[in-house]
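Here's the letter readout for the chains.
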Amino acid sequence: HQPNDPASAFIIASIGLKAGQPGLLAEAITNLLVDSDDPEHLRLAVQLIGDDLRNAKNLALFAKLRRLYPDDPFIRMTLVGYAREFCDYPILLAEEEALRADIASGDTRALAAETPHYNLMWCADEALNRIPANITGLVPFAADAPARRRARPHVFAERIRVGYLSNDFWADHATMRLLGGVLKAHDRDRFDVTLYCHTPERFIGGDAAVRAEWGRITRIEGMSDDEAIATMQRDGIDVLVDLKGHTGGSCSRLMNAPVAPVHVAWLGFPGSSVGVDCDYVIGDRFVLPDSARPHYHEKFCRMPESYQPNDPWTRAVPGPAARRAYGLPTDRFVFSAFNSQRKNAQEGISLWARVLVANPDAVLWLM
């Protein structure tokens, strides 16, 4: 039997949380809490669904909390994040205008409550990109940490030992659609490659055959940070490459231990890994223009054309399909933008609008 009032839902949800079984609570209970105007009910709803990026109820939840606590920067920036996830442009327009006004006056407190990943989606000022500090588990490296790390005794072998660190080592993830061919192309006579994998078991599934093609994989999922660091140190890694940066599920904080003489950031995060001890960042002239140098602690390592590889051998290519199957006209040019919707910021939508006005016979296909 489901409760029909927020007070009863609050009692049931509180009991469920104390029992350590929030997942057993019915959606109706959460909905009642979100629909309530009681601040205590709303705070409990945050505990239940506040981290669920796919739950549209969070938009209403944090909009209410924003009105109740207008000076709370975390609530403010979380609302902005959910507005971006669900393309609520009225909220985004109002909030970003207010943010820019605050920044212009010298008030950047809200940015410090934002995640670096979300900040990159709307803020093009690389000096401001260094401010967001909402990074779970990261203690920024000390100023002398890189020098102490590089001064540690280290024995190099005949082959260069490269370690890649990521939780995206599964076949259907975008990272492996890009990186798979790179891993197979390594010259094994010159490089000894290890993948330090903290990919959740549920994503690995039936990937055993393709994972075997990527090289030696050492599972650090479930290890403590100290155990994972000790594992990489015992392997004598020469170059440790972090593929995540400030993105979801990252273990970039492990780079702040003296793991290898050379630490590198690449591929997963197109910005500086603020607070993470990296010697180099791999990019290209587009993601690492000369104007960005003053805002990076990492040295630039620029590829000549693009920093982003694409696996030309094993990436699945879909077969032909009829346009009508997707509701597309058969006689018009189709522009496509298949990125996640949170990346469709106001500026991008405005540019697409200009393209469509200039090409009245074209259509835009979004994911």
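Residues numbered from 1 in each chain as written. Predicted model: local features only at pLDDT ≥ 70, side-chain atom pairs only at ≥ 80, totals over all residues. Heavy atoms only, no water.

Engineer: Sorry, what's going on with the overall build of the protein here?
Structural biologist: In terms of helices and strands, the protein carries 14 helices and nine strands. Seen along its three principal axes, the alpha-carbon backbone of the protein occupies a region of about 70 × 60 × 50 Å. Within the protein, the fraction of its 367 residues that count as buried is 42%. Partitioning the intrachain contacts of the protein with sequence separation of at least 6 by distance along the chain shows that 57% fall at a separation of at least 24. Working note: accessible area of the protein is about 19,900 Å², and carbon and sulfur atoms make up 55% of it. (Helix = DSSP H or I, 4+ residues; strand = E, 2+ residues; numbered from the N terminus. Buried < 20%, exposed > 50% of the residue type's maximum accessible area, 1.4 Å probe, protein only. Contact = heavy atoms within 4.5 Å. Areas by Shrake-Rupley, 256 points an atom, 1.4 Å probe, with all protein chains shown as cover.)

Engineer: What's the story with helix α3 (residues 39–49) in this structure? I'm lost.
Structural biologist: Since the α-helix packs 3.6 residues into each turn, any two residues three or four apart lie on the same face. Along α3, the residues classified as buried are H41, L42, L44, A45, L48 and I49. The arc enclosing the buried residues of α3, seen along the axis, measures out at 160°, which places them on a common side. Lining the buried residues of α3 we find α1 (6–18), α2 (27–35), α4 (57–68) and α5 (73–85). (Arc of directions from axis to C-beta.)

Engineer: Quick question: what am I supposed to make of the layout of surface pockets here?
Structural biologist: Summary: where empty space remains is shown by rolling a probe the size of a single water molecule over the atoms. Taken as a whole, the second largest pocket spans an internal volume of roughly 200 Å³. Along its surface, the second largest pocket is lined by W266, I282, C301, M303, P304, E305, S306, Y307, Q308 and P309. When grouped by side-chain class, the residues that make up the lining of the second largest pocket number seven nonpolar, two polar and one charged. (1 Å grid on protein atoms, 1.4 Å probe; cavity = no way out; pocket = protein on both sides within 12 Å on 5 of 7 lines; lining within 4 Å. Points joined across faces, edges and corners; volume = space filled by probe spheres on them. Nonpolar A, V, L, I, M, F, W, Y, C, P; charged D, E, K, R; others polar.)

Engineer: Quick question: what am I supposed to make of the nonpolar core here?
Structural biologist: Ranked by size, the top nonpolar core spans 32 residues in total, and within it L33, L61 and F62 carry the most contacts. Looking at this core, the elements with two or more residues in it are α1, α2, α3, α4, α5, α6 (89–104) and α7 (109–112). In terms of residue count, α5 provides more of this core than any other element does, six residues in total. Beyond its immediate stretch of four places on either side in the chain, L61 contacts V34, L42, A45, V46 and I49. (Core = buried A, V, L, I, M, F, W, Y, C linked by side-chain atoms within 4.5 Å.)

Engineer: Would you mind going over the sheet that holds strand β7 (residues 299–302) with me for this structure?
Structural biologist: Think of a sheet as strands paired side by side through backbone hydrogen bonds, with each pair either parallel or antiparallel. An order of β3-β2-β1-β4-β5-β6-β7 is seen for the seven strands of this open sheet, with the pairing classed as parallel. Only two strands of the sheet have a single partner each, and these edge strands are β3 (216–219) and β7. Across the sheet, the mean angle from the axis of one strand to that of its neighbour is 25°, orientation sign disregarded. As paired strands, strand β6 (residues 280–283) and β7 are joined by four bridges and run parallel to one another. Residue pairing in the sheet places G283 in a bridge with R302 of β7. (Pairing = 2+ DSSP bridges. Axes fitted to C-alpha atoms, helices over the stretch in contact; angles between N-to-C directions.)

Engineer: I keep staring at unusual backbone geometry and nothing clicks. Help me out?
Structural biologist: Backbone phi values are negative for most residues with the exception of glycine, while trans is the configuration of most peptide bonds. Despite not being glycine, C87 shows a phi value in the positive range, around 55°. Counting through the fold element by element, C87 comes out in the loop between α5 and α6. Relative accessible area serves as the criterion here: at 24%, C87 is assigned to the partly exposed category. Positive phi, normally seen in glycine, also occurs at L267, with a value near 80°.

Engineer: Explain the side chain of D311 here, please?
Structural biologist: Checked against the element boundaries, D311 lands in the loop between β7 and β8 (334–337). One polar contact links the side chain of D311 to the main-chain amide nitrogen of G181, over a distance of 3.2 Å. Separated by 2.9 Å, the side chain of D311 and the backbone nitrogen of W313 make a polar contact. Those residues in contact with D311 that sit more than four places away from it in its chain are R177, L178, G180, G181 and K184. (Polar contact = N/O pair within 3.5 Å; in protein donor to acceptor, adjacent residues only side chain to side chain.)

Engineer: Quick question: what am I supposed to make of the environment of I131 here?
Structural biologist: When you line up the elements, I131 lands in the loop between α8 (116–120) and α9 (145–151). Owing to a relative accessible area of 27%, I131 belongs among the partly exposed residues under this scheme. The spacing of I131 and D207 is 76 residues in sequence and 38 Å in space, taken between C-alpha atoms.

Taken by themselves, the reported measurements are silent on function.
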